Amino acid sequence: MAIGSTIHTFTVQLSDVDRGVYDELQLRVARHPSETAPYMLTRVLAYCLEYEEGIGFSEGVAATDEPAVMVKDMTGALVAWIEVGAPDAARLHTGSMKAERVAVYTHRDPGKVAAPWAGKRIHRADEVLLHSFDSGFIERLAEGIERRSTATLTRTDGRVYLDLNDVSGESDIHTRSAAG
């Protein structure tokens, strides 16, 4: 019998000063056995930093035709395709064809994530944004993830401050386009 996903719950006090978004989020996140803690934390951060009406998680690593996080409008149309980690150019091309907006959040070296995209076909590549964090930020905070986690997340002036289960960290949010 295959090992199933582990459910994690996050209570997040979100203060996104840059976008004027303030809310308390109750998130249930299914962590697949092959999913690392840094990847899962990056997925949670992507959700929070992109938070708006209609946002939701896909089925995670098991969803081959959906992004990690997506935003749909009231009609069910896909508005935002939000990838996590190091997606290939074909996924970004597909996402850019299906949604108005595409973003990638990574806990990895952004140069190494973007390098395989060079010369590949990505629809509206200059509008696809790659977001990353300071080296070690995600990894250090991911060590504090528990089955039930509480977090305070603040974004202001392009900088993120995260307190996760009494472990604190801060990082700039580095952004570049998939076009380079």
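My aim in this report is to walk through the structure given alongside it, one point at a time. Just so it is clear, the structure is predicted and the values come from calculations on it, not from any experiment.

1. Considering the packing of aromatic side chains
Here is step 1 of the chain: Summed over the entire model, instances satisfying the criterion amount to 3 aromatic pairs.
Here is step 2 of the chain: On the basis of an interplanar angle of 25° and a centroid distance of 4.6 Å, the ring pair of Tyr47 and Phe57 is categorised as stacked. Of this pair, Tyr47 sits in helix H1 (residues 37-49) while Phe57 sits in strand E3 (residues 55-57), placing them 10 residues apart in sequence.
Here is step 3 of the chain: An angle of 35° between the planes, with centres 5.7 Å apart, marks the rings of Phe133 and Phe137 as tilted.
Here is step 4 of the chain: According to the relative accessible area criterion, Phe133 is buried, its value standing at 8%.
Here is step 5 of the chain: Through a chain of ring-to-ring contacts, three or more aromatic side chains come together here, namely Tyr47, Tyr51 and Phe57.

2. Thoughts on the pattern of salt bridges
Here is step 1 of the chain: By the definition in use, this model includes 9 salt bridges.
Here is step 2 of the chain: Glu35 is the salt-bridge partner of Arg43, the closest N and O atoms lying 3.0 Å from each other.
Here is step 3 of the chain: With a relative accessible area of 5%, Glu35 lands in the buried category.
Here is step 4 of the chain: In the salt-bridge network here, residues are joined through shared partners; they are Asp16, Arg19 and Arg155.

3. Examining the nonpolar core
Here is step 1 of the chain: Counting 39 residues, the largest nonpolar core has Phe10, Leu27, Leu41, Phe133, Leu153 and Leu162 as its most contacted members.
Here is step 2 of the chain: The biggest single contributor to this core is H1, with 10 residues.
Here is step 3 of the chain: Setting aside chain neighbours within four positions, we find Leu153 in contact with Val12, Gln13, Leu14, Ser15, Leu45, Cys48, Leu49, Val160, Tyr161 and Leu162.
Here is step 4 of the chain: Grouped together as the second largest cluster of nonpolar side chains are 16 residues, Leu78, Ala99, Trp117 and Val128 included.

4. Brief notes about H1
Within an α-helix, residues lying three or four positions from one another point in the same direction, as the helix has 3.6 residues per turn.
Here is step 1 of the chain: In this model, H1 (13 residues) spans 18 Å end to end at C-alpha, consistent with the 18 Å of a helix rising 1.5 Å per residue.
Here is step 2 of the chain: Most of H1 sits inside the fold, with 13 of its 13 residues counted as buried.
Here is step 3 of the chain: Structurally, the start of H1 carries an N-cap: the backbone nitrogen of Tyr39 is 3.2 Å from a side-chain oxygen of Thr36.

5. Brief notes about the pairing of strand E8 (residues 148-156)
Here is step 1 of the chain: Side chains of E8 alternate between two faces, with Ser149, Ala151, Leu153 and Arg155 buried and Arg148, Thr150, Thr152, Thr154 and Thr156 left unburied.
Here is step 2 of the chain: Two strands pair when backbone bridges link them, and strand E1 (residues 6-16) and E8 are joined in this way by 8 bridges, in the parallel orientation. Bridge pairing links Gln13 to Thr152 in E8.
Here is step 3 of the chain: As paired elements, E8 and strand E9 (residues 159-164) share 6 bridges and run antiparallel to each other. Directly across from Thr156, in E9, lies its bridge partner Arg159.
Here is step 4 of the chain: Count of turn residues in the E8/E9 antiparallel hairpin: 2 residues, of which Asp157 carries a positive phi of about 50°.

6. Digging into unusual backbone geometry
Here is step 1 of the chain: Located in the positive-phi region is Arg124, a residue other than glycine, with phi close to 50°.
Here is step 2 of the chain: Relative to the assigned elements, Arg124 resides in the loop between helix H3 (110-114) and strand E7 (129-133).
Here is step 3 of the chain: On the basis of relative accessibility, which here comes to 25%, the residue Arg124 falls in the partly exposed class.
Here is step 4 of the chain: At Asp157, a position not held by glycine, the phi torsion is positive, near 50°.
Here is step 5 of the chain: Here Asp157 shows up in the loop between E8 and E9.

7. Concerning the side chain of Ser149
Here is step 1 of the chain: With respect to the helices and strands, the residue Ser149 is situated in strand E8.
Here is step 2 of the chain: A relative accessible area of 2% places Ser149 in the buried class.
Here is step 3 of the chain: Of the polar contacts made by the side chain of Ser149, one reaches the side chain of Asn165; its length is 3.0 Å.
Here is step 4 of the chain: Residues within four places of Ser149 in sequence aside, it is in contact with Thr9, Phe10, Thr11, Leu164 and Asn165.

Reading guide: rules and limits
All residue numbers refer to positions counted from 1 along the written sequence of the respective chain. The model is predicted, so local features are restricted to residues of pLDDT at least 70 and side-chain atom pairs to those at 80 or more, both for listing and for counting; the totals for chains, interfaces and linings are taken over all residues. The side-chain values count all of the structure's non-hydrogen atoms but skip hydrogen atoms and water molecules. Only centres within 6.5 Å qualify two rings of Phe, Tyr or Trp (six-membered ring in Trp) as a pair; their planes then separate them into stacked at under 30 degrees, edge-to-face at over 60, and tilted for everything else. Secondary structure elements follow DSSP: runs of H or I of four or more residues count as helices, runs of E of two or more count as strands, with numbering from the N terminus. Buried means the residue's accessible area, taken with a 1.4 Å probe over protein chains only, is under 20% of the maximum for its type, while exposed means over 50%, and partly exposed covers the values in between. Each reported salt bridge corresponds to a side-chain nitrogen of Lys or Arg within 4 Å of a carboxyl oxygen of Asp or Glu. For our purposes a nonpolar core is just a set of buried Ala, Val, Leu, Ile, Met, Phe, Trp, Tyr and Cys residues, chained together by side-chain atoms within 4.5 Å. Here a residue-residue contact requires only that any non-hydrogen atoms of the pair lie within 4.5 Å. How far a helix is expected to stretch is found by multiplying one less than its residue total by 1.5 Å. Here a polar contact is taken to be a pair of N or O atoms separated by no more than 3.5 Å, where protein atoms must pair a possible hydrogen donor with a possible acceptor and residues adjacent in sequence count only if both atoms sit in side chains. At least two bridges found by DSSP between two strands are what make those strands a pair.

It is worth stressing that arrangement in space is one thing and function is another; only the former is reported here.
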